[in-house]
Amino acid sequence: MKIHIFKYSVGLAIFFLSAIGLAQEKKGNIVEYFGKEKVEEIREGKVIHVFKEGLILKLRRYGINSSSTPKNPVFSRFLLEDNLDIKDGGAFIDDENPVTWERIEVGETNEFKDNALRSGYLYLEYNAEKAVNVIFEASGHTTILINGFPHEGDHYDFGYSLIPLRLEKGKNTFVLQGGRFPRIRARILDPYVSIAFTKRDMTMPDLLKEETDNLVGGIRVMNVNQSWFKGGSITCKINGNAATTEMPFISPMNVRKVPFQIPVPPVLDDKKVTYTLELKDRRGKLLHTEELTLNVKSKYEHHKQTFISNIDGSVQYYSIAPSSNKNLENPAMFFSVHGASVEAVNQARAYKKKDWGHLVAPTNRRPFGFAWEDWGRLDALEVFDHAQNLLKTDPQRTYLTGHSMGGHGTWYLGATYPDRWGAIAPCAGYPDLLGYRDSFVRRLKTMTDDELKRFGMTRHQAEKMLSSNKLTEPSDILLDSIMRRAGNPSRTLKLKRNYLHYGVYILHGEVDTVVPTFIAREMRANLGSFHNDFTYYEYPNGSHWYGDHSVDWPPIFDFFKFRSIKASDEIDRIEFYTASPGISSKSHFIEIHQQEIPFEISSFNFRRDSISAITTSNVATFNVDLHKMGNKSGSLMVDGQEIQVDDNSSSMTLSKSDNSWKISEKPSASKKGPHRNGGFKDAFRNNMVLVFASKGSKTENEWYYHRALFDAEKFYYRGNGNVELVKDTDFSPEKYPDQNVILYGNSSNNAAWKDLLNACPMQVSDGILTLGTKTKEGPQWGAYFIYPRPDSQTASVGVISATGAEGMKASFANHYLVNGTTFPDVTIVKSSVIKNGISGVECAGFFGNDWSVETGDFVWRE
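Note that the structure is a prediction, hence the values are computed from the model and not measured.

A. The sheet that holds strand β47 (residues 826–830), seen in detail. Read across the open sheet, the eight strands follow the order β40-β39-β41-β46-β45-β47-β48-β49; overall the sheet is mixed. Looking along the sheet, the strands with just one partner apiece sit at the ends: β40 (724–727) and β49 (857–860). Recorded for the sheet is a direction-independent mean angle of 15° between the axes of neighbouring strands. Summarising the sheet, strand β45 (residues 781–788) and strand β46 (residues 796–802) pair through seven bridges and their orientation is antiparallel. Bridge pairing in β46 links Y787 to V797. With respect to the sheet, helix α9 (residues 474–485) is in contact with β47, β48 (841–846) and β49, its orientation differing from that of β48 by roughly 40°. Contacting β39 (689–692), β40, β41 (741–744), β45 and β46, helix α13 (residues 698–719) runs over the sheet at an angle of about 165° to β39.

B. Expanded view of empty space enclosed by the protein. Taken as a whole and assessed by the stated rule, the structure comprises five cavities of 30 Å³ or more. What lines the largest cavity is a set of 15 residues, and nearest its centre among them are L162, I163, R220, E713 and Y716. Looking at the lining of the largest cavity element by element, the count peaks at four residues for α13. For the lining of the largest cavity, the residue count by class is nine nonpolar, three polar and three charged. In this structure, the second largest cavity occupies an estimated 60 Å³ of space. If you trace the second largest cavity, you find it lined by N254, V255, R256, K257, A712, E713, Y716, G721, N722 and V723. At the level of elements, β18 (254–262) and α13 are the ones that each hand at least two residues to the lining of the second largest cavity. Residue contributions to the lining of the second largest cavity peak at four residues, all from β18. When the residues that make up the lining of the second largest cavity are grouped by side-chain class, the tally is four nonpolar, three polar and three charged.

C. Molecular detail of the packing of aromatic side chains. Under the defined criterion, the tally for this structure stands at 57 aromatic pairs. Look at F75 and F812: their rings are 6.0 Å apart centre to centre, the planes differ by 70°, and that puts the pair in the edge-to-face class. Note that F75 is positioned in helix α2 (residues 73–80) and F812 in the loop between α15 (805–810) and β47, a separation of 737 residues in sequence. Considering the side-chain rings of Y156 and F368, the 4.0 Å spacing of their centres and the 5° angle between planes classify their relative orientation as stacked. Here F368 lies in the loop between β24 (357–361) and α4 (375–391) and Y156 lies in the loop between β9 (149–152) and β10 (163–167), a separation of 212 residues in the sequence. What makes Y156 buried here is its relative accessible area of 9%. A relative accessible area of 7% means that F368 is categorised as buried.

D. Summary view of the sheet that holds strand β38 (residues 660–664). With antiparallel pairing, the five strands of this open sheet are ordered in space as β30-β31-β34-β37-β38. The open sheet has two edge strands with one neighbour each: β30 (586–587) and β38. Relative to β38, strand β37 (residues 651–657) runs antiparallel, the two sharing five bridges. Pairing of T653 across the sheet is with S664, part of β38.

E. A look at the environment of R789. Tracing the backbone through its elements, the reader meets R789 in the loop between β45 and β46. In the structure, R789 is positioned 244 residues away from W545 in sequence and 47 Å away in space, judged by C-alpha atoms. The contacts of R789, once residues within four sequence positions are left out, are R676, P733, Y736, P737, D738, Q739, V741, L756, A795, S796 and V797. A distance of 2.9 Å separates a polar atom in the side chain of R789 from the backbone oxygen of P733.

F. Structural context of the pairing of β45. Of all eight residues making up β45, eight are buried, and the element is well covered by its neighbours. Here β45 shows a buried face lined by W781, A783, F785 and Y787 and a second buried face lined by G782, Y784, I786 and P788.

G. A look at unusual backbone geometry. Backbone geometry at F599 places phi at a positive 65°, although glycine is not the residue there. Note on placement: F599 falls in the loop between β31 (590–595) and β32 (602–607). Positive phi, normally seen in glycine, also occurs at N618, with a value near 55°. Counting through the fold element by element, N618 comes out in the loop between β33 (613–617) and β34 (619–625).

About the cut-offs
Residues numbered from 1 in each chain as written. Predicted model: local features only at pLDDT ≥ 70, side-chain atom pairs only at ≥ 80, totals over all residues. Heavy atoms only, no water. Pairing = 2+ DSSP bridges. Helix = DSSP H or I, 4+ residues; strand = E, 2+ residues; numbered from the N terminus. Axes fitted to C-alpha atoms, helices over the stretch in contact; angles between N-to-C directions. Contact = heavy atoms within 4.5 Å. 1 Å grid on protein atoms, 1.4 Å probe; cavity = no way out; pocket = protein on both sides within 12 Å on 5 of 7 lines; lining within 4 Å. Points joined across faces, edges and corners; volume = space filled by probe spheres on them. Nonpolar A, V, L, I, M, F, W, Y, C, P; charged D, E, K, R; others polar. Phe/Tyr/Trp six-rings, centres within 6.5 Å; stacked < 30°, edge-to-face > 60°. Buried < 20%, exposed > 50% of the residue type's maximum accessible area, 1.4 Å probe, protein only. Polar contact = N/O pair within 3.5 Å; in protein donor to acceptor, adjacent residues only side chain to side chain.

Pasting the structure below:
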């Protein structure tokens with residue numbers, strides 16, 4: 001199967017594979033079933049309406065859908081058509097067979113239940129006597145359109161979703177897209193207080209008896225007003241101790257999770273401590289109070305640490321299983337990444353204490369998070385650095401392991417940052433996300449009719465699924481290919497020779513059907529073709545999870561103990577592969593700065609000899625740290641060309657010109673490099689701020705505000721995020737130095753465009769879109785792109801733009817905030833993309849190393 005023929009949704013594959021494994025017995029404290037800890041208590045307001053009847057559209061997703069541009073014919077109609085007549089029995093989708101809306105009612109638990117909700121849609125209406133501010137609370141859905149505006153759902157059924165809403169007088173419509181579960185619940189609350197805390201989904205540390213410094217926590221604050229909440233504060237009190245934190249601004253009709261300081265009492269004798277939280281406005285008026293109870297631990301037992309993330313200023317946590325040796329010096333670090341649905345605290349609890357090191361378990365930002373890619377990867381790096389500094393661990397004795405999705409994280413992080421680990425041990429893991437998806441396709445091909453029936457599928461439907469969405473148009477194939485290229489950093493198997501940096505221990509259950517055992521066996525064969533230091537063990541009759549020894553397996557730690565990272569001057573061989581220097585650029589003393597072809601695999605191969613040699617592939621510029629390398633020969637062979645080395649130089653940069661290497665200066669910060677290399681998703685980091693248009697029509701201004709709010713909601717839900725929204729007229733570069741900016745709108749309606757994008761070769765205004773020498777006219781064009789922030793050497797500007805009303809709706813989706821999706825520097829779409837997927841993409845590609853179109857790589861639809 002060629003990848004450019006099939007592209008499909010990771011959620012669908014994971015659903016089927018997970019369902020296959022649900023029958024496997026689950027033991028231990030690490031595996032949490034989806035939705036087990038769902039929030040049921042309502043403390044934010046009075047329930048004034050429970051939706052008890054609605055209409056369901058039983059739409060089957062038998063097509064294997066694109067992850068980056070999935071087809072959504074239902075939302076396409078709701079977004080692009082006016083005055084739709086939705087009624088019981090009314091036809092809505094007319095494909096091979098028309099699909100009609102059907103009446104559905106809730107059961108005793110006030111939940112709509114139907115297996116078709118996994119892939120279908122629920123339509124609800126509410127008639128309000130007057131315009132009023134309320135909170136819409138729902139669970140079990142993926143995305144929702146409320147009166148035509150998109151909002152994030154609660155597809156993991158956590159009960160976290162609270163959407164402040166201004167009900168319109170008369171009819172209000174709610175279109176909920178189903179997802180993981182066959183159930184949806186929806187209610188409307190009248191808030192007790194318009195500015196208030198909600199204790200749903202707090203991020204809190206453990207208090208440590210041995211520590212007295214202030215800690216940091218995260219709590220959500222609701223603003224159920226049509227005005228901004230500015231100048232507020234949170235005071236945290238206990239026994240005469242208090243800490244006050246100034247709050248960031250909260251935009252209208254928004255819920256934001258904000259950080260606050262927690263004072264630590266001088267004496268901690270109890271197992272739990274209760275604080276009082278006070279929320280005040282800018283004048284010091286008390287608006288709301290809550291009680292907060294925290295656990296008291298010793299730093300010598302399993303506990304949580306919190307920190308402020310540099311990605312978005314949010315509060316994140318990680319869990320520690322400290323060494324059993326309290327006096328241990330220069331300890332090792334065991335970095336353990338969890339599986340899907342698992343909390344980091346449970347990951348750490350699965351391990352007994354080790355006498356020669358500390359175990360650290362990051363969160364991936366959520367129990368599901370980003371499969372340790374994208375912002376899950378960045379979370380792992382932040383926790384790694386924070387824990388190494390806190391615990392003073394030995395950088396030469398750092399080891400990586402994880403289970404299930406964390407097994408994938410082990411393969412992925414191990415391949416991406418190979419010089420950070422002394423050894424790795426993936427448990428029940430899949431090396432590559434596409435390979436995991438492919439395993440589902442392979443299983444589907446061999447399923448019996450009875451097995452297919454378990455998933456509500458006939459043989460005909462399975463065959464239709466496997467043959468659907470084949471790309472036949474040349475432009476579709478080329479555009480799909482360059483968009484997929486943006487995902488090469490996640491194609492772990494393309495980086496597999498990076499595993500030569502260390503030893504590998506593979507642990508897998510003999511009868512695992514969640515992550516099928518044949519995936520591990522294939523990886524064993526793969527390593528066997530080039531690697532000479534790996535161990536493979538299948539636990540006899542082991543399923544996906546067979547107890548804590550599914551991860552805390554003593555032979556793994558014995559394997560670790562005899563391996564470490566070599567000192568740089570002891571390294572005689574390095575092979576290193578990367579698809580983007582912006583994600584992974586170096587191994588030990590050699591760093592790739594720029595590529596010849598963006599996001600294709602680049603590599604170097606170092607061999608120490610009487611004259612050391614480096615061979616490269618797809619490298620335009622790289623740097624050698626001569627001091628760390630310990631070069632003493634006076635010269636270096638690069639791709640067969642001898643380069644004289646200055647004995648007084650500590651480092652050397654080489655650039656390729658006319659197929660010849662020359663010593664050069666490092667590329668300026670204005671060029672692409674490890675600090676800022678693009679891919680649209682890279683814009684969403686570096687304490688990004690979301691700047692929305694306000695200088696357009698009322699329709700445009702409302703849309704772009706809600707569009708920014710949609711991204712903030714999604715990043716909160718998916719990534720435990722804390723994102724600031726700023727009106728364009730309130731934005732100035734000086735207020736947000738060196739922060740990434742996400743700009744919503746175009747040069748005609750967003751006042752910040754001129755400051756940030758005046759020199760950009762991509763320009764969008766009302767009715768016109770230009771990229772280099774190419775121009776598109778009309779209101780139907782939407783675009784996503786990234787470009788360097790002109791007043792910063794590190795920050796970027798991400799843009800969600802459109803030429804008019806149709807284009808605004810065309811770029812409504814924010815799949816770029818989901819792992820497994822691929823977005824190059826630039827993607828231009830037209831309004832048909834919502835319904836037709838990749839055939840609605842007009843252009844995709846990458847800027848050159850100088851951020852120009854002329855030196856870039858773009859594909860246009862012919």
